[in-house]
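So you can see what is in the structure, the chains are spelled out below.
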There are 2 protein chains.
Amino acid sequence: MKSRSGPRYELRPRIRVLRGETIVLGPGKADLLQAIAETQELRAAARRLGMSYMRAWTLLRTMNRAFGRPLVETHRGGPTHGVARLTPTGQRALRLYRQMERASVRACAAAWRRLESLLPG
Amino acid sequence: MKSRSGPRYELRPRIRVLRGETIVLGPGKADLLQAIAETQELRAAARRLGMSYMRAWTLLRTMNRAFGRPLVETHRGGPTHGVARLTPTGQRALRLYRQMERASVRACAAAWRRLESLLPG
């Protein structure tokens, strides 16, 4: 949420779903899911986020294991080699995560205006 | 927010107030303000959070500069040497920060229940 008076201060809520110390879903993993949905390719998604292909695979593996089923379908051979798509579970997880982010920003608005008024303009 | 069915999954919203790349107020700084309010001593507050005294000073300096006025009053000499207290601005900033955290958790509850239902029980 940008300040009304300019881009000086920004409120950034970051939501994490944890299981013990493992981040099941957080800002980085949500961005990866979204980039996969948009590029339909794991390599392109990783590149867009400035992360290595190996790192993207590791994040995906963590999510798939935590959810007990794949969030992303990947094709490693044949004519669809390289294609990656969110599964229905992946789509749902990403949608709910973005809902939580938006809800969090909205819920903070009143206190954030008051906090911002304490900061130099 | 702990899962209703046990402590397996946890939703952890972390709120950050940024000015450019500087974290004006975030989880670590809020915890420091709270520890100072509770211990009335910067050294004790730092120890409680497992951070060095120097680190605590650095966090305080960042906050005081960002707010343009002190959030904590410290006494470095005389009979009150070592005593640290939140200023009215510090108290207000901490209170508003905790309000945002609670509001964020509440606002996420509905989507979080649905997301949690996608995770293995």
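It should be noted that the structure appears before, not after, this text.
Residues numbered from 1 in each chain as written. Chains lettered and ligands numbered in written order. Predicted model: local features only at pLDDT ≥ 70, side-chain atom pairs only at ≥ 80, totals over all residues. Heavy atoms only, no water.

## Focus: unusual backbone geometry
Residue and element names in this part refer to chain A.
- Positioned with a positive phi, glutamine 40 is a non-glycine residue whose angle comes to about 60°.
- With respect to the helices and strands, glutamine 40 occurs in the loop between α1 (27-39) and α2 (42-48).
- Among the residues examined, glutamine 40 registers a relative accessible area of 29% and is labelled partly exposed. (Helix = DSSP H or I, 4+ residues; strand = E, 2+ residues; numbered from the N terminus. Buried < 20%, exposed > 50% of the residue type's maximum accessible area, 1.4 Å probe, protein only.)

## Structural notes on the relation of the copies chain A and chain B
- Rotating chain A by 180° and translating it 0.0 Å along the rotation axis places it on chain B, where the RMSD comes to 0.0 Å. Given the turn and translation reported, the copies of this chain are related as if by a two-fold rotation axis. Taking C-alpha positions as the reference, the residue of chain A nearest the rotation axis is A:Ser104, at 2.2 Å.
- Interface overlap between copies is the fraction of interface residues in one copy that are interface residues in the other; for chain A against chain B it reaches 100%, indicating a shared surface. (Least-squares fit on C-alpha atoms with pLDDT ≥ 70 in both. Contact = heavy atoms within 4.5 Å.)

## Describing the state of the cysteines
- Evaluated as defined, the whole model comprises zero disulfides over all chains.
- No disulfide involves A:Cys108; its nearest neighbouring cysteine sulfur is the one of B:Cys108, lying 8.7 Å away. (Disulfide = S-S within 2.5 Å.)

## Focus on helix α3 (residues 53-67) of chain B
- With 15 residues, α3(B) should reach 21 Å at 1.5 Å per residue; the first-to-last C-alpha distance of 21 Å fits that figure.
- Among the residues of α3(B), B:Ala56, B:Leu59, B:Leu60, B:Met63, B:Ala66 and B:Phe67 are the ones counted as buried. The buried residues of α3(B) occupy an angular sector of 130° when the element is viewed end-on, so they sit on one face. The exposed set on the far side of α3(B), more than 90 degrees from its buried face, consists of B:Met54 and B:Arg65.
- The secondary structure elements touched by the buried residues of α3(B) are α4 (88-116) of chain A together with β2 (22-25), α1 (27-39), α2 (42-48), β3 (72-74) and α4 (88-116) of chain B.
- Of the residues flanking the end of α3(B), it is B:Gly68, one or two places downstream, whose phi is positive at about 75°. (Expected span 1.5 Å × (residues − 1). Arc of directions from axis to C-beta.)

## A closer look at the pairing of strand β1 (residues 10-19) of chain B
Residue and element names in this part refer to chain B.
- Of all ten residues in β1, seven are buried, a share of seventy percent or more.
- For β1 and β2, the ladder comprises three bridges, and the chain directions are antiparallel. Considered in β2, the bridge of leucine 18 is made with isoleucine 23.
- In textbook terms, the turn of a hairpin is the stretch between consecutive antiparallel strands, and for β1 and β2 this stretch comprises two residues, one of which, glycine 20, has a positive phi near 60°. (Pairing = 2+ DSSP bridges.)

## Some details on the interface of chain A and chain B
- Each side of the interface is counted separately: chain A has 36 residues, and chain B has 36 residues.
- Viewed at the interface, chain B and chain A are joined by zero salt bridges.
- Linking chain A to chain B there are ten residue pairs in polar contact (both at pLDDT 80 or more).
- Sorting the residues of the side of chain A that touches chain B by element identifies β1 (10-19), β2 (22-25), α3 (53-67) and α4 of chain A as the ones contributing at least two each.
- By residue number, the principal contributor to the side of chain A that touches chain B is α4(A), which donates 14 residues.
- Residue composition of the side of chain A that touches chain B, by class: 22 nonpolar, five polar and nine charged. (Salt bridge = Lys/Arg side-chain N within 4 Å of Asp/Glu carboxyl O. Polar contact = N/O pair within 3.5 Å; in protein donor to acceptor, adjacent residues only side chain to side chain. Nonpolar A, V, L, I, M, F, W, Y, C, P; charged D, E, K, R; others polar.)

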